[in-house]
Structures are given as structure tokens and as C-alpha cells.
Amino acid sequence: HHVERELFKRPRLSRSAQSAEGIEIVEAAGAVVEIETLARRIKRLLLDGDAGRAVRPEEIVVVFRSADSLVPLLREKFLRYGLPAALEPGLRLDQSPALTALTALMELDRDDWPFRKVLGVVSSNFFSPDWDEWRVPRALEAVERTIRHLQISGGRQALLTAVERLAASADVALDANDPEAEAVERHNLVRAEARLALPILKRLAAAFDALPHRASAAEWTRALDELARETGLKARADDAPRTTGVSDPREARSEQKAWARFLKSLGAADDLAALLEVSLDTYDRRRLVQRMADVIRLEQLPGDHDEAGRIRVLTAVTARSLAAPYVFVVGLNETSFPAGEPQGRLYGEAEYQQLARAGLPLPMTGDRRCDEMLLFYDVVTRAERRLCLSYAALNDKAEPLLPSPFLVELEQSLGSATVRRVRASDLSPLPPEDEPLNPLDLPIRAVAAAGHGRTSELAAVCATGGAAAENLAAALRVVDARSRGDGFGIYEGSTSAPEARRRLQRRFGPDYPFS
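Residues numbered from 1 in each chain as written. Predicted model: local features only at pLDDT ≥ 70, side-chain atom pairs only at ≥ 80, totals over all residues. Heavy atoms only, no water.

Describing the overall build of the protein
A tally of helices and strands in the protein yields 21 helices and nine strands. When each of the 515 residues of the protein is scored for burial, the buried share is 40%. Residue pairs at least 24 apart in sequence account for 74% of intrachain contacts in the protein once pairs closer than 6 positions are excluded. (Helix = DSSP H or I, 4+ residues; strand = E, 2+ residues; numbered from the N terminus. Buried < 20%, exposed > 50% of the residue type's maximum accessible area, 1.4 Å probe, protein only. Contact = heavy atoms within 4.5 Å.)

Notes on the sheet that holds strand β7 (residues 324-330)
Spatially, seven strands are ordered β3-β6-β2-β7-β8-β1-β9 in an open sheet, and the strand pairing comes out parallel. Of all strands in the sheet, those with a lone pairing partner are β3 (85-87) and β9 (420-424), marking the two edges. On average, each strand axis in the sheet is tilted by 20° relative to the strand beside it, whichever way the strands run. Looking at chain direction, strand β2 (residues 60-64) and β7 are connected through five bridges and run parallel. Bridge assignment links Ile60 to a residue of β7, and that residue is Tyr326. Contacts between helix α2 (residues 31-48) and the sheet are confined to β1 (23-28), β2, β6 (311-315), β7, β8 (383-392) and β9, with β7 contributing the most and set at about 165° to the helix. (Pairing = 2+ DSSP bridges. Axes fitted to C-alpha atoms, helices over the stretch in contact; angles between N-to-C directions.)

Some details on the packing of α2 against helix α3 (residues 71-80)
Two elements in contact, α2 and α3, have axes whose closest approach is 10 Å; the angle formed by their N-to-C orientations is 40°. By the angle between their axes, α2 is oblique relative to α3. Judged by the twist between their axes, the crossing of α2 over α3 is right-handed. Residue-level contacts link Ala31, Val32, Ile35, Glu36, Leu38, Ala39 and Ile42 of α2 to Leu73, Leu74, Lys77 and Phe78 of α3. Across the contact of α2 with α3, the residue classes break down as nine nonpolar, no polar and two charged. (Parallel < 35°, antiparallel > 145°, perpendicular 65-115°, else oblique. Left-handed = near helix turned anticlockwise from the far one by under 90°. Nonpolar A, V, L, I, M, F, W, Y, C, P; charged D, E, K, R; others polar.)

Details of the pattern of salt bridges
Evaluated as defined, the whole model comprises 30 salt bridges. Across the pair Glu58 and Arg56 runs a salt bridge, and its minimum N-O distance is 3.1 Å. Among the salt bridges present, the one from Arg421 reaches Glu411, with a minimum N-O distance of 3.0 Å. A residue pair is termed long-range when its members are at least 10 positions apart, and Arg421 in strand β9 and Glu411 in helix α17 (residues 405-413) qualify at 10 residues. According to the relative accessible area criterion, Arg421 is partly exposed, its value standing at 32%. (Salt bridge = Lys/Arg side-chain N within 4 Å of Asp/Glu carboxyl O.)

Points about the layout of surface pockets
Its volume calculated, the largest pocket comes out at about 600 Å³. The dominant element in the lining of the largest pocket, judged by the number of residues it contributes, is α2, at seven residues. Grouping the constituent residues of the lining of the largest pocket by class yields 12 nonpolar, four polar and 10 charged. (1 Å grid on protein atoms, 1.4 Å probe; cavity = no way out; pocket = protein on both sides within 12 Å on 5 of 7 lines; lining within 4 Å. Points joined across faces, edges and corners; volume = space filled by probe spheres on them.)

What about α2?
Compared with an ideal rise of 1.5 Å per residue, which puts 18 residues at 26 Å, α2 spans 26 Å between its outermost C-alpha atoms and is within 8% of the ideal. Along α2, the residues classified as buried are Val33, Glu34, Ile35, Thr37, Leu38, Ala39, Arg40, Ile42, Lys43, Arg44 and Leu45. Just past α2, the residue Gly49 takes up positive phi, approximately 80°. (Expected span 1.5 Å × (residues − 1).)

Points about unusual backbone geometry
Residues other than glycine seldom take positive phi values, yet Asp112 does so here, at roughly 60°. Tracing the backbone through its elements, the reader meets Asp112 in the loop between α4 (97-110) and α5 (115-122).

Thoughts on the packing of aromatic side chains
Summed over the entire model, instances satisfying the criterion amount to six aromatic pairs. A centroid spacing of 5.1 Å and a plane angle of 90° characterise the contact between Phe127 and Trp134, whose relative ring orientation is edge-to-face. Accessibility assignment for this pair places Phe127 and Trp134 in one class, buried. Residues Phe337 and Phe376 carry aromatic rings whose centres are separated by 5.4 Å and whose planes lie at 85° to one another, so their mutual orientation is edge-to-face. Of the two residues, Phe337 sits in the loop between β7 and α15 (349-357) while Phe376 sits in helix α16 (residues 365-380), which places them 39 residues apart along the sequence. Aromatic ring contacts, followed pair by pair, group Phe127, Trp131 and Trp134 into a single cluster. (Phe/Tyr/Trp six-rings, centres within 6.5 Å; stacked < 30°, edge-to-face > 60°.)

Overview of the side chain of Glu372
Locating Glu372 in the fold gives a position in helix α16. Sequence-distant contacts of Glu372, that is, excluding residues within four places in its chain, are made with Arg65, Phe337, Pro338, Ala339 and Phe406.

Let's talk about helix α13 (residues 285-298)
The first and last C-alpha atoms of α13 sit 20 Å apart over 14 residues, in line with the 20 Å expected at 1.5 Å per residue. Turning to α13, its buried residues number three or more, namely Arg285, Leu288, Val289, Met292, Val295 and Ile296. The buried residues of α13 occupy an angular sector of 125° when the element is viewed end-on, so they sit on one face. Looking at α13, the residues exposed on the side facing more than 90 degrees away from the buried face are Arg286 and Leu298. (Arc of directions from axis to C-beta.)

Focus on the nonpolar core
In globular proteins that are soluble, nonpolar side chains generally tend to be buried together. The biggest cluster of nonpolar side chains holds 59 residues, and the ones touching the most others in it are Trp113 and Phe262. Tallying contributions element by element places helix α8 (residues 181-209) first for this core, with 10 residues. Ignoring sequence-local partners within four residues, the contact set of Phe262 consists of Leu93, Leu99, Leu102, Leu224, Met292, Val295 and Ile296. (Core = buried A, V, L, I, M, F, W, Y, C linked by side-chain atoms within 4.5 Å.)

What to know about the pairing of β8
Strand direction decides the pairing type here: β1 and β8, joined by six bridges, are parallel. From the neighbouring strand, Ala28 faces β8, where its bridge partner is Ala392. Bridge count for β7 against β8 is five bridges, and the pairing is parallel. Across the sheet, the residue bridging to Ala324 is Ala383, located in β8.

Observations regarding the confidence of the model for the protein
Looking at the protein as a whole, its pLDDT mean stands at 82, while 87% of the residues score no less than 70. By mean pLDDT, the top-scoring element of the protein is β7 (93), and the lowest-scoring one is α15 (68). Low confidence marks residues 241-247, where pLDDT is under 50. Its contacts with residues over four positions away, or in another chain, come to 17 contacts. (pLDDT = per-residue confidence, 0-100.)

Describing the environment of Ala417
Within the secondary structure, Ala417 is located in the loop between α17 and β9. Spatially, the C-alpha atom of Ala417 lies 6.1 Å from that of Gln18, the residues being 399 residues apart in sequence.

Some points on the environment of Gly90
Locating Gly90 in the fold gives a position in the loop between β3 and α4. With relative accessibility at 8%, the residue Gly90 sits in the buried group. Note: C-alpha distance between Gly90 and Ser254 (164 residues apart in sequence) is 9.1 Å.

This is the structure we're talking about:
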């Protein structure tokens, strides 16, 4: 109750607290470390309880001032740690990889197949058409290498013509004794790959040709849905959760909901025209791509309101009216709390003051700061047992960030009482606890223990089998080869095979400098 009485008082009038027990401040080395630390602390609280008292997920509230940038990261970390959460801010459509892939597909058509965008589309995990040509072994590699070999800067027709010409050229008979045998073999390989790539690129072009050149919003939603089915993008959105390190069916449902919301929002223009009894607006492909970008940027799924048995993740505006035993306030940097000036102001502060004196009820900078102070006060005084306040001390460029001035005020309001401070500055991937708290902790700890001669944990991880164990074993073989070698080896790009050396010498000569 001391914070409730003394926060934001004038320093000369405030009294020192007898104890700051139950309040702690976490200073983290970046936003990722901050959210990772938050997830670990919450997981430990749920496992161990609080002073012999069991803690339920619904007793925990995580609060953000502005959640847009941190909620995707929090969603990922909470899934990895198996923390049940009800997030008030729903998934933004621009955070859906399926919709991002659809936009890239349409931008490819709009920009007439530029080199980088063609490679980006065909190599995307979401491009997975159910075509016989695509199911041929190494088809993707053939398409990528053919595009890279031709180096066509742009133009759909130019690319297709070049691939057709390359695929139609005849193979050359190979003579092992010919000094040009390497070039002949490479010539034949390039043409074989072009023959694999050509029908795939033609199918992709045909999928674009099936789209209308101009259509209403409702017609475009049907056409885009069909394009997504044809290219396999829709199946990926329906079946695969987003890449978070944990397979969770809620993530797959989020993708499906995002897709449905996108199509509904895109077709809303026709609904409005029908309501107003005006003629339908139509879009050509260029204008459609712009409309798609606007929908994806502005639309958001509703939050998860099923809070039973879940940690509540709320914005400060919502959390100010709720009391909870355990409150974690995250992202307390000087640029986030208090919130900055709203974007798009038409007038300066002096002009706002002049308009206010004329009788217009416009909020001044001082008024906004008072509102932010009251919001912070409401949030931090809602904790009944423990209050944890955290901020990132470094930005993405490793530049220092200052804590929120409100956080400084709170610490000052406690006077001589010492607030427990935690500095989460260790960037090592090695988890600090002995007990693994998420599926990645176990292999990381096992490798670290093996480095000190304790191999039983690593043996147990590898004995589980599966892709994860195989990848771990392969990585260990690479590290072992690189650490034991007395020079460059195959993992540094060097080769010692006699045949490979002969081919390189024939192609580049003995004096070619490699860098």
C-alpha cells in the first residue's frame, strides 16, 4: 500500500517505505532477453508456487503499454515454455506468414517477375503446389539453379523464353578423356535442370493468367482463394502452425482465422456498395495489391477472451481496472511509457494551445502526461502480492535505452527501502536453471554437460531419435571436425578429394585466387 500512497508525490512530502518486499525490477539486455526472462520467471512461479502457496495461471497478469511490437515475441516464447495465455491483442494480419506469402505472390505478378522475387516465391515454404511436376525429386533445386544460371533481371516472358531455349538445346556426348569433359558435363546438367524447371514455371504463369485483369472485391476474393489453392499456399495455411519451435494447434487455427478475416475484409467494399445502393467498384491487379497491403496492415484478429486457466496478457488501459495477485509490467522504456505523441498531428503544441484557448477541447502535452501518470499508477497498484517491472536496456542495435521515468519515480517513492534488481544480461543460450523449462533446454544443457565430460544427458537425448536428435548429432560432428583440424577442412569450404581438385584445376587453372 506504500506505493499507492506515495507514488508521484513531491519528494519532500513522501515517506520512505519500511520494505520493498514483493517488488522487483528486471533490467534485460534487449527485448528478446526481457521476454525470455519473463517466460522463465512465470514458469518457475507456476512450478514452485509462492512461499508454499500454489499459483494458478489466472492469477497472473502481464501488462504492456503498447503491445504491437512485443506480443508476437511473447506469443512465441509462451508457446515454447508451454504457458497457457489469453492475449487481449489478437494476431495482426501482417504477422501471418501465409498472407505475407500471398502478397509476395501477387507482387511477383504486378512487378513482372523480377529476379529476386521469383526466387523468393518458389523457395518459400508456403509455395507447395500439388503438381506432378513439383513432386519430381529435386524439382525446387532445379528451378532455383536454372533461374540463377540465366540471371534474367526481370520479365516473365523473357524468363520463360530463355528457359525454353535452354531446355530445347541438345545434350552433348560426354567423353571422359576430353579436356573439356567438365564443361560438357556442366552443360548437360544445366539443360536437364531447365527441362525440370520449365513446366513448373509455365504452371505458375498459367495460375496468374487465370486471374481476372479487373474485378470487383468479391470476385477478387474468390480468385485469390483459388490461386492460393493452386499454389499450395492455402493448404499450408490450413495445416501448418507457424514456426515457433512448438507445434500448437492454436497457431494453426490463428492462421485459418487470419485467412478468413483477410478475405472478409477484402470483400467488404462490395458489401458497403450494396448497402449504399451504388455501383460496385472494380480493381485492376496493381490496385488490388495496394488494397491487399492496406487490409493486411490495418486488420487484426480479435483477442482470445477465454481466460479460464490462462495467464492474461493485457494492455495497460484494460489492466488498470483489474486486480491480480501477480502483475508483470513489461516494456518499461522511456519511449513506451509514457506513450509518445500520436502520429499524424496537424498542428504544433503552440497552435493546439491557441485552439484550446478559443474553446476547442484539445488535449495538451501536459494533459497527456498526466493521463499517462494516472495509467501507470492504476496498473502498478493492482498487484496484490508481487509486482515485477521490466525493461530492455539495449535496443536491436545494442544502443543503450533508458528506463521509463515512471519507473524511476516508483523507485524513488520507496525511499531508503532497497528494491530487488535483476540484471538479465547473460546472452549465453545455456539455461540458468538445472531443471529444463522448455523443450530446447534439455539438448542445450546436455551439450554443455558433455563439454565437461558428462555425456549421459547427451546420450539420452540422442537415444530419443527423430529429426531433432539427428540434427544435433550432425551439428556435433561438424563442431568436432572444425575444432580438431589443424587447418581448413570441408566445413570451411576446403576440399581434399583428388577428383574434386582435378575438376577445379581444369575449370579455374592453378593460379586462380579464391576468396
